[in-house]
Structure formats: C-alpha cells, structure tokens
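# Examining the three-dimensional arrangement
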Number of protein chains: 2
Amino acid sequence: MIARKRDGLPLERKDIARFVRGASDGSVPPEQLAALLMAICIRGMNAEETRWLTGEMLHSGEVWQLAGDRPLAVDKHSTGGVGDTVSLILAPLLASVGVPVAMMAGRGLGHSQGTLDKLDAIPGFRTDWDRDGMLSLLDRCGAAVVAQSERIAPADRTLYALRDVTATVPSLPLIVGSIMSKKLALGAGALVLDVKWGSGAFRKSLPEAVELAVALRDVARNAGMACEALITDMNEPLGPSLGTACEVREALSILEGGGDPRLREVTLALAAEALVLRGQDRADARRRLEEALGAGTAREAWDRLVRAHGGDPAPSLLARPCGEMPVEAARTGWVRAIDAEALGWVAVDLGAGRRRRDDGLAHGAGLVVHRRIGDRVEPGEALATLLVGERPVDAGELSRRVRRAFDIASEPVAPRRLVLGTPEAAGA
Amino acid sequence: MIARKRDGLPLERKDIARFVRGASDGSVPPEQLAALLMAICIRGMNAEETRWLTGEMLHSGEVWQLAGDRPLAVDKHSTGGVGDTVSLILAPLLASVGVPVAMMAGRGLGHSQGTLDKLDAIPGFRTDWDRDGMLSLLDRCGAAVVAQSERIAPADRTLYALRDVTATVPSLPLIVGSIMSKKLALGAGALVLDVKWGSGAFRKSLPEAVELAVALRDVARNAGMACEALITDMNEPLGPSLGTACEVREALSILEGGGDPRLREVTLALAAEALVLRGQDRADARRRLEEALGAGTAREAWDRLVRAHGGDPAPSLLARPCGEMPVEAARTGWVRAIDAEALGWVAVDLGAGRRRRDDGLAHGAGLVVHRRIGDRVEPGEALATLLVGERPVDAGELSRRVRRAFDIASEPVAPRRLVLGTPEAAGA
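Residues numbered from 1 in each chain as written. Chains lettered and ligands numbered in written order. Predicted model: local features only at pLDDT ≥ 70, side-chain atom pairs only at ≥ 80, totals over all residues. Heavy atoms only, no water.

## Considering the sheet that holds strand β8 (residues 333-338) of chain B
Residues and elements named next belong to chain B. Strand order in the open sheet formed by three strands is β10-β8-β12, with antiparallel pairing between adjacent strands. The open sheet has two free edges, formed respectively by β10 (376-377) and β12 (406-409), since each of these has just one partner strand. Pairing of β8 with β10 involves two bridges; the strand directions are antiparallel. Within the sheet, the bridge partner assigned to G333 lies in β10 and is V377. Sheet contacts for helix α16 (residues 395-405): β8 and β12; angle to β12, the most-contacted strand, approximately 45 degrees. (Pairing = 2+ DSSP bridges. Helix = DSSP H or I, 4+ residues; strand = E, 2+ residues; numbered from the N terminus. Contact = heavy atoms within 4.5 Å. Axes fitted to C-alpha atoms, helices over the stretch in contact; angles between N-to-C directions.)

Below, the structure is given as structure tokens:
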C-alpha cells in the first residue's frame, strides 16, 4: 500500500481503511503511517480516495449525526486566520433569525486564536457538552458551540500529531480528511465554509484556497450534506481585535449593530449563505440578517446563548488589559500590506494565544488593529494598540514587531476585495 | 528539513548530519525518519547530498580504514542476485595472484543467498573477526571474508529496518548510502562493484543498473577509494548452483579449473578489474588469473583461506542433500527466459535461504540449474535438479514452480550478453 502511493498510484478503499484503522488502534506502526503520510503529501489523492479517507476517519469514532434529530441545524467552518471573530457573531445571529447552529470549536495553537479560547473568556461558559447536551442547547437557545469531542474522529488526532512532526500538514487530502471527518461525524444538515486565502491564511495563494474549498465541498456534498464555500481575504487581519476577551467585545459591537465593517461583512455573507442553503432567497436573507443586527435581536440571542451554556453575559465581567500601548506609524503613506501572521504572533506573545499546547492564556491581553490596507497614515497615528495582560512582556520589542508588520507605501493603495464568493466566482 | 525534501529542495549537510545522528542515537523519532525517507525516495538526492549522506552514515560507527595498514587490499561488492557464487571464488583467486582481499559479507534474506550463509556451510569456518583479526587473516592467507560488524555504520541498520517497512528500499541515494557507508568504513584501498541488472536483480532495467553503478562509483572515488563497476546480466541465474554447500562445491570446481563457464567468466572479469585498479595491465592480469585457476594455485589459496578462518576445507565435510529430484522439460524448444527470482525462492523453500530473519538453513538443500537461456531442450531432459535437504518439502509443487520459471520458445534463442563492462561501456 505504501509502495503504491510512493509510485503515485491510487490506493484502494480497503488499503485506506487499514491505514486509518491502523492509526486508531495502533495496528500500523507510526513509522509506516508517517511514510504513507509523506507519500500522500507528495503524490496527492484523487477525489474518490479523499472521500474514502474522510469516511474511514469519520467512522473511527462516534457518529453524532445531529441532522437525524435536528434537521435544520447548520454548521460553519473557517480554515483559520487572524482576527477571525466570525463564529462568535454568526451563532447568535443565525439563531436570532430561526436557523439553529451546531458547531464544534477548537483551541488556538500558533498565530491564530481558537473560538474555544474566546468562549473561555466568558465567566462560567461551559463547552464540554455531549450529543444530548448539544440537542438541549439547540432547543434552549438555538445554538450549540461546544468543544471538539475526543470521541469524534479519534483517528484524526493520531494522524494530526504525526503530520505535525513530519511536515505533512499542508497536504490537501489530509487537510480535507481531517476537517470533513469531524464535520460529517457531527452531522449538521448543512455546512458553510469560510476558506481564507492570503499571507495570514493556511493557503497563501488564491488558487490553493479555491482548490481546498472545492475539495471540502465535494466531500460534504457527496456525503449528503448541503454545503457552500466562500473564499475570503486573509492578507490582513479580518476583524480589528486579536485575542480572547477583546474579540468577544468586538463580537458584541457587531451584534449591537456597530463594529468593524469588514468583520461584519464576512459574517453577513456567511450567514446569508447558510440561509440560502436552507432554501431562503438571498436578498431576503441578507435583509433579515441586517435587521437582526440593527434591531438588537441578535444581541438578545447572544445573551440567551451564553446563559444556556452556563455563562454570564455581562460585558463588565470580561477580562480587561492591565495597560494599553499604542504603536504609532513612523512615516506618512498608505498601508500597502499587513503581515497578519506576525500580528497574530504578537497577540500570542502578549498572552492571548499559545506557543505550546499547555501554555496558559491571559484573557485581558490582545492586539487591536486600527489601520487596514488602503488606509492613509500619518506619523504619530496609532497603527495598532497592544493590550497588555497579566503577563510580563517586552513591550518595546512587540511594538517594533507590530510596526514592521505594516508595509507603508508612498502612493495610495486600493483596499482589498474581501469576499470573493463561491469557488466558482473566485475562479474555480 | 523534512519540508525541504518534501518540496524537492536539496538538504544541507548539517540537516543530513542531524538526520543520520537522529537515526543512530534516537534523537529523531522513527516517524520523522520515516517521513524523510519517503520524501527522499520520491524526490531523490543529488550527488553531493548522496555523498554527505554516505559520509554521515559511515561516521555513525567505527571506521576501520584497512588501507591505513594494508594499502593493497581490495574489496568487492555485488548488488545481489541468484546463483552469485563469485565472492567464494574471487577471494582465493585474487589472493593466489598476490592481491589481498578484504570483504564483509552478509546473510541472505529473500530470494538471493548470502555469502555468510555459504561460508557457514564449511565446518569450523569463523566469520566473527574484528579489525585486528582481519589484518591477521590478510597476513596469514591473503584474504579476510568476515561478517558485517555491528560496529560498522550502525545508522544503516536503523535506517534499513525503517526502509524495509516503509517501502523506501528502492531509493537510489538510500541504497548508495547503505552500501557505500559500510564499504568506506571498512576502507579497503580499492573496490570492484558487480552491479547486476535484469529480472533476478534489484535493478530490473539496464539504465537503472547503470545509474546505480555510476552513483556508487562516484561516492567511492570522491572518498579517495579506487573503484570500478562492471554491469553484469541477472536475467537468469549466474552460476548453476543456488544454495550454500552446493555453491561452495561449485566454487571448488571453478578453483580447480573447471566449473560453470558463465560464473567463471564474471569472476575473471571482476578479478581482472581488481588487478587493473592495482595498476596491472588488463591482458596480463587476465592471463595470470586464468593460470591460477588452471594450475591449482587458486585452489590451494582456498584451502589456506578456509584454514586461516578456522575451517576444515575437506570437500567431503560439506553437507549433502538427502535426495535429488530432477525437473524435466515438458516440451521441445529453446530456453527464452528464466525467472531467476522464482528459482531463488524455490531454493529458499528447499531450506537454502530465509523467508524470515530467524529461519534456520538446511545446508544440504539447494537447486542446480542445467539449462540456460539459448539452450535447446527436449522433453525428459532435466531443466534443473532439486537438492532436497533435511526439511520436509512439497516436491511436486516446487517442481511445478521450477518448470514455470523456464520459458521455452519454439524458435532458437541467442544466449544473453553476460558482462556488459563499465557503466560507460554499458551506455552511461
């Protein structure tokens, strides 16, 4: 089987089953798994192999298949980026227009923060729910945002740990298998994908992002899950806030009808796509979502969501930074590029993320970005503000890193196109 | 480092050093070694990387560098095949013309028999010599044929065990590193390579064999070792005997001036190449070698060699088969092809080789091939004879396998060209 993939030949279904079972029960030793992962990484997999891989990974653990009991629930997945506060807004927003949302969220590792960490910033918020717990949450507040269960797709954990140390994380079929096995095991009836492209994303080029979006959607649709993907820009942070409590605050701003226009736009586009998957007219869907933000119903849905999960929604309880330190522009010009990944790492080093899996978080810490691509800046104007938490940090060095992350041009620069639409609209 | 090779980029010397050290001391986990082996297998290595790999593997253990004390000693290596009795003849033959021979031999695993197993068929023959022991053997009989020391290139054992289970054995740079690290650590001043091509060889096509020969020779010469490679045919068994004691007997026939002409020819060509590397004229060298076979001096060198190694050279002490069973041709025709690998496995299943590393051997067992490519056969004539040893075997099934290994044509077939010469002569 390893030799077949080494030579660029497709694997048979039974081979893939043996491989995934071997990862789950230890019947294939790690060095053979690693060799096959590398062969898959270099040689690739066709659509059929990718579906088989996903199916076998999905069946390595519990299959919750929520659609069996709550057929209307939708799931949303982002391929990850910086300042991606969307989930916190999308869940109550969709709940407020009557579409239940069922999501499993992960912790952050590396330069992007995880939704689970952001929810942890809310006092009392519980994320350790099982299937019955999720159904109950859906009934009580129309949304269930829970921690990735260890019982879902356990083969993915073994394989991911191996990929992490064998430089095989970027493999398209392995990414698809990892993401979609968990999505299919949760089994919402519909799935909206936010596939990000750009310097701050996992997929640095647009064609790579489009390729991933098509592959993910193909697996979902073939498994009978309604699915659409939107390609969105991650060449700069999406929302202005990078951290945990500060992202919850940013979500509240948008749920109250204000907030950052870019973050609001991506959230609305994804939410509208969910309503379209549920059979609603697109223009009508968009109008209802904007009304929910403007009229306070989405904000009310947030409070219900937090309470149902055991948390206290009072914004005053969210952790605050110990101090704020603006990082000022050094010259006049227009922002040409922002290194989102570098800013993500600054937020991590302030205490809002993890360099190692067992690092603790400083919920008051984070980074707020004030200038975006295309904006004009003057010396002395703040590009961003460091939110310094309970952790001792070298603020001077972090300021320099923030300043270096901004590329300032002498000529005007056009803002970037934010939502490129479906893979087809984006050039698939 | 793994990511670089995954993407087809060359590795740096320090990366290769870390990889090999990691294999020796366990500082790189097996799954990372396996992933890198697969990436090397698919992406390849350039000549410089291959030399670095070999060098690092060589320095993972003891460096005997025999040339420092016995500058004239030559080594010979074959890439492996069926009926390859050459080493048993070449060592005493070269010793008899005054050229010392220093070789490390391995056990057989799979369809080809190992020189070490053949020497084990000689009562009392010891192969567990250290460096001083080899020097002493060279002084006493002009030849030292010893077991591969565990202290030589230990990184190769770890890597080979991993390659074996990860389908990365066929990788050219990994083969070169494995072979040449051991040859350079032994450190004879000159090396003759017998690189076999064909259905019974490791390299099935002539271009693959030539590629391997050039790569091996390049590493040897770059390390300051005089080296030449000859490409020889392995589309049928080389010598007629496949086994242990029966191959020793075949060697004795040739050392006494008789024996199989093909086996004799390959041995003479390789031995002459060794003398040429030692500065002798080719035609003169060839004449001296033929004289040594004809005049009995090579045969005397054998007895000295066996005694010096602690063995008893009396041919009557060699194990004999319990029974012999000819396999007859079913039709009239000319032998067009012989599946040497299939015949090798028949010898293994008779007890002359190993399917698993801890299998015992039946020294009386083996197979003798009577007809070669181009020979005419008639029904009732023996194609080969099963030498049945102490092990119970299904002789009917083995006979059928032997008969199937012979492809008999209705038209005359030309014999194959046996010694194709240097890589350049063979088309490099």
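Right, picking up where we left off after that structure.
## With respect to the interface of chain B and chain A
Opposite the 19 residues of chain B that make contact, chain A presents 19 residues. Summed over both partners, the interface of chain B with chain A buries about 1,500 Å², with 76% contributed by carbon and sulfur atoms. Taken as a group, R6, E31 and I42 of chain B account for 37% of the area that chain B buries against chain A, more than any other trio of residues on that side. Counting every contact that joins chain B to chain A gives zero salt bridges. Where chain B meets chain A, there are four residue pairs in polar contact (both at pLDDT 80 or more). Secondary-structure elements contributing two or more residues to the side of chain B that touches chain A are α1 (2-6), α3 (30-43) and α8 (154-165) of chain B. (Buried area = accessible area lost by both parts, 1.4 Å probe. Salt bridge = Lys/Arg side-chain N within 4 Å of Asp/Glu carboxyl O. Polar contact = N/O pair within 3.5 Å; in protein donor to acceptor, adjacent residues only side chain to side chain.)

## Regarding the relation of the copies chain B and chain A
Relative to chain A, chain B is turned by 180 degrees and slid 0.2 Å along the rotation axis, the superposed coordinates differing by an RMSD of 0.1 Å. Such a combination of turn and shift is consistent with a two-fold rotation axis. (Least-squares fit on C-alpha atoms with pLDDT ≥ 70 in both.)

## Focus on the state of the cysteines
For the coordinates displayed, the defined rule picks out zero disulfides over all chains. Between C322 of chain B, a free cysteine, and C246 of chain B, which holds the nearest cysteine sulfur, the sulfur-to-sulfur gap is 13 Å. (Disulfide = S-S within 2.5 Å.)

## Brief notes about helix α14 (residues 297-308) of chain A
Residues and elements named next belong to chain A. With 12 residues, α14 should reach 16 Å at 1.5 Å per residue; the first-to-last C-alpha distance of 16 Å fits that figure. If you check which residues of α14 are buried, you get A298, R299, A301, W302, D303, L305, V306 and A308. Tucked inside the fold, the buried residues of α14 contact α5 (86-96), α7 (131-141), β3 (143-147), α11 (245-255) and α13 (282-295). Once α14 finishes, G310 follows within two positions and takes phi at roughly 95 degrees, a positive value. (Expected span 1.5 Å × (residues − 1). Buried < 20%, exposed > 50% of the residue type's maximum accessible area, 1.4 Å probe, protein only.)

## Looking at the packing of aromatic side chains
Evaluation of the coordinates by the stated rule reveals zero aromatic pairs over all chains. The ring of W129 of chain A has R126 of chain A sitting right over it, with the charged end atom 4.1 Å from the ring centre. (Phe/Tyr/Trp six-rings, centres within 6.5 Å; stacked < 30°, edge-to-face > 60°. Lys NZ or Arg CZ within 6 Å of the ring centre and 35° of its normal.)

## As for the environment of P173 of chain B
All names here are of chain B. Among the secondary structure elements, P173 is positioned in helix α9 (residues 172-186). Judged by relative accessible area, P173 falls into the buried class, the value being 6%. A sequence separation of 119 residues divides P173 from T54, and the C-alpha atoms of the two residues are 8.7 Å apart. Each residue touching P173, except ones within four places of it in the same chain, is listed here: I40, G44, M45, T50 and L53.

Limitation: the analysis is restricted to geometry and does not speak to function.
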